[in-house]
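# Commentary on secondary and tertiary structure
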Amino acid sequence: MQINKVGVVGAGTMGNGIAQVCATAGLSVVMLDIDQQSLERGLHTVSGSLERLVRKEQLSAAERDSALRRIKSTTDYADLADVDLVIEAASEVEKIKLAIIQTLDKTVRQDAIIASNTSSMSITKLAAASGAPNRFIGMHFFNPVPVMLLVELIRGLQTDDATHQAAGQFVEIIKKTAISVRNSAGFAVNRILVPMINEAVFVLQEGIASARDIDEGMRLGCNHVIGPLALADLIGLDTLLSVMETFYNSFNDSKYRPAPLLREMVEAGYLGRKSGQGFYSY
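With an unreviewed UniProt entry as reference, the chain is termed Putative 3-hydroxybutyryl-CoA dehydrogenase, source organism Pseudomonas putida. Its UniProt record gives the chain a comment under Sequence similarities (unreviewed entry), which states: "Belongs to the 3-hydroxyacyl-CoA dehydrogenase family."

### A few points about the UniProt feature "domain: 3-hydroxyacyl-CoA dehydrogenase C-terminal" (unreviewed entry) in the chain
Annotation from UniProt places "domain: 3-hydroxyacyl-CoA dehydrogenase C-terminal" (unreviewed entry) at residues 186-282. Helix makes up 63% of residues 186-282 and strand 0%, whereas the separation of the span's terminal C-alpha atoms amounts to 28 Å.

### As for the side chain of Glu-88
Note that Glu-88 resides in strand E4 (residues 85-88). Only 2.5 Å separates the side chain of Glu-88 from the side chain of Ser-116, close enough to count as a polar contact. Not counting the four nearest positions on each side in its chain, Glu-88 is found in contact with Val-9, Lys-97, Ile-100, Ala-115, Ser-116 and Asn-117.

### Things to note about the pairing of strand E5 (residues 113-116)
Of the two faces of E5, the one lined by Ile-113 and Ala-115 and the one lined by Ile-114 and Ser-116 are each fully buried. Summarising the sheet, E4 and E5 pair through 4 bridges and their orientation is parallel. If you follow Glu-88 over to E5, its bridge partner there is Ser-116. Handedness of the crossover joining E4 and E5 through helix H4 (residues 94-107): right-handed. Summarising the sheet, E5 and strand E6 (residues 136-141) pair through 3 bridges and their orientation is parallel. Within E6, the residue paired with Ala-115 across the bridge is Ile-137. Once you follow E5 into helix H5 (residues 123-128) and on to E6, the crossover reads as right-handed.

### So, the sheet that holds E5
Strand order in the open sheet made by the 8 strands is E3-E2-E1-E4-E5-E6-E7-E8, with mixed pairing throughout. The strands lining the two open edges of the sheet, one partner per strand, are strand E3 (71-74) and strand E8 (177-182). Adjacent strand axes in the sheet meet at a mean angle of 25 degrees, parallel and antiparallel pairs treated alike.

### Let's talk about the environment of Ala-115
Within the secondary structure, Ala-115 is located in strand E5. The buried category is assigned to Ala-115, whose relative accessible area is 0%. In sequence terms Ala-115 and Glu-264 are 149 residues apart; their C-alpha atoms lie 33 Å from each other. When residues no more than four places from it in sequence are discounted, the contact partners of Ala-115 are Leu-85, Val-86, Ile-87, Glu-88, Ile-137 and Met-139.

Calculation notes
Residues numbered from 1 in each chain as written. Predicted model: local features only at pLDDT ≥ 70, side-chain atom pairs only at ≥ 80, totals over all residues. Heavy atoms only, no water. UniProt positions renumbered as here; feature names shortened; annotations may be inferred. Helix = DSSP H or I, 4+ residues; strand = E, 2+ residues; numbered from the N terminus. Polar contact = N/O pair within 3.5 Å; in protein donor to acceptor, adjacent residues only side chain to side chain. Contact = heavy atoms within 4.5 Å. Buried < 20%, exposed > 50% of the residue type's maximum accessible area, 1.4 Å probe, protein only. Pairing = 2+ DSSP bridges. Right-handed = clockwise from strand over helix to strand, strands pointing away. Axes fitted to C-alpha atoms, helices over the stretch in contact; angles between N-to-C directions.

Encoded structure:
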């Protein structure tokens, strides 16, 4: 399948990033969200990101303008009727994703691929909400999307070879690298990463070291580009809590229990960068 036009459901952090990399790769993009305000925020973020690339001389002004012209924003699912691929990038809440997938199934062409950017949910279960689960695949991007080079491709039990191959070709078009992962809670990268961040929260909670010393220790001692607590703030503490709860419920193993401090911070509204307060103030 030739992918020329891509739909993105969700104009938030992940959605607008996916829209940007598709547009800069020369693909037409339809970005959908529930209201115009959300779309305007998403487009503003894309515009600012592209402008920074121009200042760094990684993109010309003409290329920036062309990319922005390739992104159409909408609140109407009917505008996704002719896309070749649609990527669901909504909140990490199962009932929201299932509702979106069911709506997409009624909207897109019969041969279009439906993908989910979920970071932890079962692709097999999400695919079952689609009328054509063989055309459904997990396509997990990493934050920030324009910078991170990896995309995890997750096959559900029903995903066919043609869908997997087309998804891999799409990842090449947007100049990223794909790894193929079997369907399992958290897939490969987050199965390793999120429990590590959760353990860093336990270390902070127990007063073993300060947030800055934990992050400094992991940066200098393990050669990480960013410390786990600063990364938690970047990802969003609510997202991390959701992923840990998914692990805990999926594996029924106490090693995946969320740190109480993580849960308390989410209850307080301290979600990281997006709320202005997490383990650090922004």
